[in-house]
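# Understanding the architecture of this molecule
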Amino acid sequence: MSVLAFYVYPLPQGTPFTSDDLSVSDNVEKLFDYMQILLAVVSKEGWNFLIQKYGYERLFEINSRSGWIDCETIEEFIKALKYEKEISPERV
């Protein structure tokens, strides 16, 4: 199973997130919390999985609980998320 996202702690090995992990919305919220403090990254494949699994509206709801991307509308969120995907690494 491939790693779709990665959190740097606990050192030295960090915490990988697979599709099984990201199928739990609470884990996605935690991942967004880690991304907010620049301690996690999602691969392009990871973003594809998240968008397909949850859709933009559900990810917007999860983001609203996390407070990762500061946006008021789903349109702002989608634009920011597309940018995040664009700058994400192919693999983590």
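What comes next concerns the included structure. (Residues numbered from 1 in each chain as written. Predicted model: local features only at pLDDT ≥ 70, side-chain atom pairs only at ≥ 80, totals over all residues. Heavy atoms only, no water.)

### A few points about the overall build of the chain
- Tallying secondary structure elements over the chain gives four helices and three strands in all.
- When its helices and strands are written in sequence order, the chain yields β-β-α-α-β-α-α.
- For a compact globule of 92 residues, the expected C-alpha radius of gyration is about 12 Å, and the chain comes in at 12 Å, within 12% of that figure.
- Principal axes of the C-alpha set define a box for the chain whose edges measure 40 × 25 × 25 Å.
- Intrachain contacts of the chain at a sequence separation of at least 6 include 55% that bridge at least 24 residues.
- On the chain, roughly 5500 Å² of surface is accessible, and the fraction owed to carbon and sulfur atoms is 51%.
- Treating the 9 positive side-chain charges of the chain as one cloud and the 15 negative ones as another, the clouds have centres 5 Å apart. (Helix = DSSP H or I, 4+ residues; strand = E, 2+ residues; numbered from the N terminus. Rg over C-alpha atoms; globule rule 2.2 N^0.38 Å. Contact = heavy atoms within 4.5 Å. Areas by Shrake-Rupley, 256 points an atom, 1.4 Å probe, with all protein chains shown as cover. Lys, Arg positive; Asp, Glu negative; His and termini not counted. Charge placed at Lys NZ, Arg CZ, Asp CG, Glu CD.)

### Observations regarding the side chain of S43
- Inspection of the secondary structure assignment puts S43 in the loop between β3 (40-42) and α3 (44-66).
- By relative accessible area, which is 1% here, S43 ends up buried.
- For S43, the contacting residues outside a window of four places in its chain are V3, L4, S88, P89, E90, R91 and V92. (Buried < 20%, exposed > 50% of the residue type's maximum accessible area, 1.4 Å probe, protein only.)

### Points about the environment of L38
- Tracing the chain through its elements places L38 in the loop between α2 (25-36) and β3.
- Here the alpha-carbon distance between L38 and Y7, two residues 31 residues apart in the chain, equals 9.2 Å.

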